Every structure is written in structure tokens, then in C-alpha cells.
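Next come the chains, spelled out residue by residue.
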Amino acid sequence: MGSPVDARAENAWLRSYPFWDAYFAIVLIATIITIVVDGGAPVAVILLLLITVSYALWGREAVRAPVAPTKEGWWHAAAMIVLFTAADLLAPQSAVALSALIPMTFMALRRARAVAVTVAMFTGPAVQLMADNGSHPLLIAVAIVLGLSASTLLGVFIDRLGRQNTERARLIAELDRTREELAEVSKEAGMLAERERLAGDIHDTLAQGFASIVMLLQAAGDGHDPYVRRAMETARENLSETRALIAALAPPALEGASLEEALGRLAKGFELPVEVSVAGAADVPALVAEALVRAAQEGLANVRKHARARSVRLALEHVPGPAVRMSIADDGRGFDPSAGGDGYGLRAMRNRVTRLGGTVRITGSPGQGTTLAVELPCSG
């Protein structure tokens, strides 16, 4: 079974097609029975059956096509005009089939073209009516006008009903997409709030605890004891790791600052020298700026943890498109990006950037440093 969303978004008009097929078949059978009972020409029955073949080959697909007219629709319209006109001239009872052919025409073609085809199919009955009742031209004209008007109104009603159902299905699908986007935004907002809470908790517990350990070891004053010295180094390393974790979890430093200023703050607070360069100028949407700052946080954290670098270069470039490109290059020990999978931080970065239509590329080789490049469209 489909989900409730699928059921609501489904075009109700699509579910009616089997009933229309049944209606067309019933009208065809009724027309054939009328011809046979009234002693009409058997050839007319064959011609009507050929219309059924045309419907199976082209008409059925044209009726169900989301965009009309299609090539199949034109083939079926031409077959209906020729075959029905011939059948009606041979057996006037064939006019009963118009109650199926006219709806079929308006479902397969656009409105103006469907009206033209309807007029063409009325030519046979009009000629037959004039031949049988030539002494009453006024009555014949009134009958033809009334029949054509009623048929056209029926066709226009069917066409409008189909259009309204198609538009309704489009609007429901758009509403469902909007709801999914809002749910994603709400989910991400909740995740950011939780990350901020964790950053505060870590700062108040682990960071302060490691800082206290360092102070106590320094107060012990025995810097020559290898165990004390090793304990101080371990505490400092873990304090540094904890501060980096807090920085990665905390919200981007964008409050009241431009993207360039936020990246400058990150570079200024980094343990290693970071050269920052900016090329071009453009307005960057808030979501794009946030994603770039998050990517810079993750990239600098990876440099600190893995690269053993002496310096880092952070470049921001506004390129035509418009788009913005950021790269973080280090002179560290490097690695082969194809040799292993991404860690959690890189996966989260890729997901965030991909959702905004951007790309993440990591290049490097052992002993030659590593470069992280992020590019995002400024329409994001």
C-alpha cells in the first residue's frame, strides 16, 4: 500500500481512466447493436472496430499523456475523422458513437484542436441529415448547431475537469515538498541547538577539568619528573582537543559578521599560522555562509589533529555563476584521499554542502600536504 502522502498527491483524474475505457467500450457495443438491429451496413461495424484498434494503438496513450497533444493523439484523431465519417455515411446509426468519440477527442488533444476535430466528425451526420430531410433546412441547421454546441460544452467540461485535477495534484506535490523541506530545516535547527548544548556542557566539565589538572601539575613544581612531565603534556593535549571539539560544536561565528570576518576569526584563533586571502566580492546567502564556516571549522580541526603542518592557507574566492569557492591547504604530511573513507566530520560536511547543491573535493599525497576545496552556489 502507498503512503498517505502518495494517496493525496495522486491525480484523481488518473484513477478515472479505467472507467473511461469501460465507458468507451459500452458506447461502442451499443452503437454496433443499434446498427445491427436497424439493418445498417456491416462495413460500418468494421469501421467502428477499426476505431477501437486505433484507440488501442494510439488513443489510449494519448488520453493518458500528461502533456497534450502528442504524436499518438494526432494519429488517433485522424483515424477517428476518416473512419467515423465513412461509417456514418454507410450507417447513420453510427452517430451514437459520438457520445464516446467527443470525450475521447478532448482528452487526447488541446481544447481548440479538439473543437476542430469535433466539427470535422460532425460533417458526416450533418450531410446525412441534410440528405434525409432536405425539405426542412432550418430544422436541420438548428439540430446541427444544438448537437455541435452540446458536444463542445461536454468536451470543454471534461477538459477543464482534467486540468483542475492535474493542477490539484501539482499543488499537493509542491505542498508535500515544502513540508519535507520545513521538516529538514526543523531537524537541523534541533541538531544545532543540541550541538550548542553539548559544547556548553563540555566546556563546563571536561575543558575546565583538564585546565585544573594542568594548573595542579604546574603547582607541583617538579618539572624534572618524567611522569609529571608526561601527565602535563597529556593534559595539555586533551585540553587542546576539548577546545577544538567545543569550537566544532559551537554555532558558526556569523552573528553580526560577514563570511570573510567569520573566517578571519577562525584563522586568528587557530593554533598554527593561517594565511587568509579573499578574491572578488559577492553577497553570500546565510545558509551558504554557515555551511562554509562549518566546513572551515572541520577542515582546520583535521589539520590540527592529523596534518602535523607548520602553516595553513585559507582562500575564499567569489566566482561567476554566481558561486563561492573556499579552500584550506596545509603543508603537512599529507595522505592519499583514495586510500580510506571519510570520518564522521567529513561525512557531515559533505552532506551539508550537497544539500545546498555544492561539492567537496579533497586532494593530497603523502609528504605533499592536503587541500580541502568546497564550492557552493550563491543561490543556495
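It should be noted that the structure appears before, not after, this text.
Novice: Go over the overall build of the protein chain, please, and point to the residues and values.
Specialist: Counting its secondary structure elements, the protein chain contains 12 helices and five strands. Evaluated residue by residue, the protein chain yields a buried proportion of 37% over its 380 residues. Looking at the protein chain alone, contacts between residues at least 24 apart form 71% of all its contacts between residues at least 6 apart. By element, 63% of the accessible surface of the protein chain is carried by carbon and sulfur atoms, the whole surface being about 21400 Å².

Novice: I'd like to hear about the packing of aromatic side chains, residue by residue, with values.
Specialist: This model, assessed by the stated rule, comprises five aromatic pairs. Geometrically, the ring pair formed by Trp 20 and Phe 24 is tilted, given 5.9 Å between the ring centres and 35 degrees between the ring planes. Taken together, the residues span about one helical turn, with Trp 20 and Phe 24 both in helix H3 (residues 17-37) at a distance of four residues. Side by side, Trp 20 and Phe 24 carry an identical accessibility label, which is buried. Here a set of aromatic residues connected by ring pairs shows up, and it is made of Trp 20, Tyr 23, Phe 24 and Tyr 55.

Novice: Break down the sheet that holds strand E2 (residues 312-319) for me, citing the residues and quoting the values.
Specialist: If you trace the five strands from one edge of the open sheet to the other, you get E1-E2-E3-E5-E4, paired in mixed fashion. Across the chains shown, the open sheet's two edge strands, defined by having one partner strand only, are strand E1 (274-279) and strand E4 (359-364). In this sheet, neighbouring strand axes are inclined to one another by 10 degrees on average, regardless of whether the strands run parallel or antiparallel. Sheet contacts for helix H10 (residues 259-268): E1, E2 and strand E3 (323-330); angle to E2, the most-contacted strand, approximately 175 degrees. The strands touched by helix H11 (residues 286-307) are E2, E3 and strand E5 (370-377); relative to E3, the strand with the most contacts, the crossing angle is about 10 degrees.

Novice: Pulling in residues and values, what's your account of the packing of H10 against H11?
Specialist: Closest axis-to-axis distance for the H10/H11 pair is 10 Å, and the angle between their directions is 15 degrees. The angle between H10 and H11 falls in the class roughly parallel. Regarding H10 and H11, the two cross each other, and that crossing is right-handed. The residues of H11 that touch H10, namely those facing Leu 259, Ala 262, Leu 263 and Leu 266, are Ala 289, Leu 292, Val 293, Ala 296, Gln 297 and Leu 300. Looking at the contact of H10 with H11 residue by residue, the class counts come to nine nonpolar, one polar and no charged.

Novice: Let's hear about the side chain of Asn 302: which residues, and what values?
Specialist: Here Asn 302 lies in helix H11. Among the residues examined, Asn 302 registers a relative accessible area of 19% and is labelled buried. In this structure, Asn 302 is in contact with Ala 307 and Leu 346, ignoring residues within four places of it in sequence.

Novice: Which residues make up helix H5 (residues 71-90), and what values go with them?
Specialist: Here H5 is 20 residues long and its end C-alpha atoms lie 29 Å apart, about the 28 Å a rise of 1.5 Å per residue gives. Among the residues of H5, Glu 72, Gly 73, His 76, Ala 77, Ala 79, Met 80, Leu 83, Phe 84, Thr 85, Ala 87 and Asp 88 are the ones counted as buried.

Novice: Tell me what's going on with the environment of Val 303, and back it up with residues and numbers.
Specialist: Locating Val 303 in the fold gives a position in helix H11. Judged by relative accessible area, which is 5%, Val 303 ranks as buried. Placed 25 residues apart in sequence, Val 303 and Ile 328 show a C-alpha to C-alpha distance of 9.1 Å. Residues in contact with Val 303, not counting those within four places in the same chain, are Phe 270, Leu 272, Arg 308, Ala 309, Val 312, Ile 328 and Asp 330.

Novice: Provide a residue-level description of the pattern of salt bridges, including the pertinent values.
Specialist: Summed over the entire model, instances satisfying the criterion amount to five salt bridges. We note a salt bridge from Glu 275 to Arg 313, for which the minimum N-O separation is 3.8 Å. With Glu 275 in strand E1 and Arg 313 in strand E2, the pair connects residues that are 38 residues apart, well separated along the chain. On the basis of relative accessible area, Arg 313 is assigned to the partly exposed category, the value being 39%.

Novice: I'd like a rundown of the pairing of E5, residues and numbers included.
Specialist: Strand direction decides the pairing type here: E3 and E5, joined by eight bridges, are antiparallel. When the bridges of E5 are listed, Met 326 appears paired with Val 374. Direction of pairing for E4 relative to E5: antiparallel, over a ladder of six bridges. Of the residues in E5, the one forming a bridge with Thr 359 is Glu 375.

Novice: I'd like to hear about a nonpolar patch on the surface, residue by residue, with values.
Specialist: Among the surface-exposed residues, Ile 46, Leu 50, Val 53 and Leu 57 lie close enough to one another that they form a single nonpolar patch of about 350 Å² accessible area. Structurally, the position occupied by Leu 50 is in helix H4 (residues 42-64). For Leu 50, a relative accessible area of 40% translates into the label partly exposed.

Cut-offs used in this document
- Residues numbered from 1 in each chain as written.
- Predicted model: local features only at pLDDT ≥ 70, side-chain atom pairs only at ≥ 80, totals over all residues.
- Heavy atoms only, no water.
- Helix = DSSP H or I, 4+ residues; strand = E, 2+ residues; numbered from the N terminus.
- Buried < 20%, exposed > 50% of the residue type's maximum accessible area, 1.4 Å probe, protein only.
- Contact = heavy atoms within 4.5 Å.
- Areas by Shrake-Rupley, 256 points an atom, 1.4 Å probe, with all protein chains shown as cover.
- Phe/Tyr/Trp six-rings, centres within 6.5 Å; stacked < 30°, edge-to-face > 60°.
- Pairing = 2+ DSSP bridges.
- Axes fitted to C-alpha atoms, helices over the stretch in contact; angles between N-to-C directions.
- Parallel < 35°, antiparallel > 145°, perpendicular 65-115°, else oblique.
- Left-handed = near helix turned anticlockwise from the far one by under 90°.
- Nonpolar A, V, L, I, M, F, W, Y, C, P; charged D, E, K, R; others polar.
- Expected span 1.5 Å × (residues − 1).
- Salt bridge = Lys/Arg side-chain N within 4 Å of Asp/Glu carboxyl O.
- Patch = residues over 30% accessible without salt bridge, like charges linked within 9 Å, V, L, I, M, F, W, Y side chains within 5 Å.

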